[in-house]
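A closer look at the structure
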Amino acid sequence: MTTRLIYFAWVRERIGMPEEDVDLPAGIETVADLLRWLKSRGEGYEHALQYPDVIRVAINQEHVEHGEKIAGAREIALFPPMTGG
Amino acid sequence: MTGAVVPVVRIQRQDFDVAVEIARLTQGRADIGAVVSFSGLCRDEQGTLSALELEHYPGMAEAEIARIAAEAVQRWPLQGLTAIHRHGKIAPGENIVLVVTASAHRQAAFEAANFLMDYLKSRAPFWKKEHRADGSEGGWVEAKEADDEAAGRWKSSD
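These numbers were taken from a predicted model, which means no experiment stands behind them.

**Points about the overall build of chain B**
A count of helices and strands for chain B gives four helices and eight strands. Each helix and strand of chain B, ordered N terminal to C terminal, gives the series β-α-β-β-α-β-β-β-α-β-β-α. For 158 residues, the compact-globule estimate of 2.2 N^0.38 gives 15 Å, and the C-alpha radius of gyration of chain B, at 16 Å, lies within 12% of that figure. With respect to the principal axes defined by its C-alpha atoms, chain B has extents near 50 × 35 × 30 Å. Every one of the 158 residues in chain B was classed for burial, and the buried ones make up 44%. Across chain B, the fraction of contacts at a sequence separation of at least 24, relative to all contacts at a separation of at least 6, is 77%. When the accessible surface of chain B is split by element, carbon and sulfur atoms take 50% of a total near 7900 Å².

Here it is in structure tokens:
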């Protein structure tokens, strides 16, 4: 199943694109698994996800913790802590 | 307390008029005794900043602020609530965000506006990038732990 990944702010700049569609390999069950897998995909990813703990994640446009299961997610967004307001 | 109050939530590039937004909430109403408004503006940081660029997550930004607003309406007896957040390039002195709350008495309006801003700053998907006055590219504004803590204090009162 294809999952859309969306990146914002410096996560987007470091990865070098705003979004991409990926086929997640078997064994990627949680957000933490996803971050670990993405980090191994190249220099930009490595730079963006150097400190995975600071990365915030939304599944289908709702905030989730890193332990959340990603089964069935259509859209997963990765971004730094928010600074609006 | 859920009432029939439907929060007005807008994410927009263009500016807003604070007086117009307050009037929109209170017009034709005789039951409102208190209106609190908070507007956040772009600072020039002692002249070093030429603009802030606000990036947002379209769709989720609206949804998240609507969730925060719905919670405020449940927690306080409000008679009106408006939340507007701008995106794009914003110059020093311009508006960034507006929250207006209306209620019968001031306490609910003050508290709800405070709650909304605390949650909006730490939960709504917006990010600020600085553009410097000397023409150089600035960095991304870092999230403040104090903002997270400010949002957290509303949890203990449940």
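Now that the structure is up, let's keep going.
**Concerning the confidence of the model for chain B**
Residue-level pLDDT values for chain B average 94, and 96% of them are 70 or greater. Both scores are available for the predicted complex, with the pTM at 0.94 and the ipTM at 0.95.

**Focus on the environment of Arg36(A)**
Residues and elements named next belong to chain A. As for its placement among the helices and strands, Arg 36 is situated in helix H2 (residues 31-39). Linking Arg 36 and Pro 52, residues 16 residues apart in sequence, is a C-alpha distance of 8.1 Å. A distance of 2.8 Å separates a polar atom in the side chain of Arg 36 from a polar atom in the side chain of Asp 33.

**A word on the side chain of Glu64(B)**
Secondary-structure assignment places Glu64(B) in helix H2 (residues 60-75). Accessibility expressed as a relative area gives 3% for Glu64(B), which makes it buried. When near neighbours in sequence (up to four residues on either side) are disregarded, Glu64(B) contacts His63(A), Arg123(B), Ala124(B) and Pro125(B).

Reading the values: rules and limits
- Residues numbered from 1 in each chain as written.
- Chains lettered and ligands numbered in written order.
- Predicted model: local features only at pLDDT ≥ 70, side-chain atom pairs only at ≥ 80, totals over all residues.
- Heavy atoms only, no water.
- Helix = DSSP H or I, 4+ residues; strand = E, 2+ residues; numbered from the N terminus.
- Rg over C-alpha atoms; globule rule 2.2 N^0.38 Å.
- Buried < 20%, exposed > 50% of the residue type's maximum accessible area, 1.4 Å probe, protein only.
- Contact = heavy atoms within 4.5 Å.
- Areas by Shrake-Rupley, 256 points an atom, 1.4 Å probe, with all protein chains shown as cover.
- pLDDT = per-residue confidence, 0-100.
- Polar contact = N/O pair within 3.5 Å; in protein donor to acceptor, adjacent residues only side chain to side chain.

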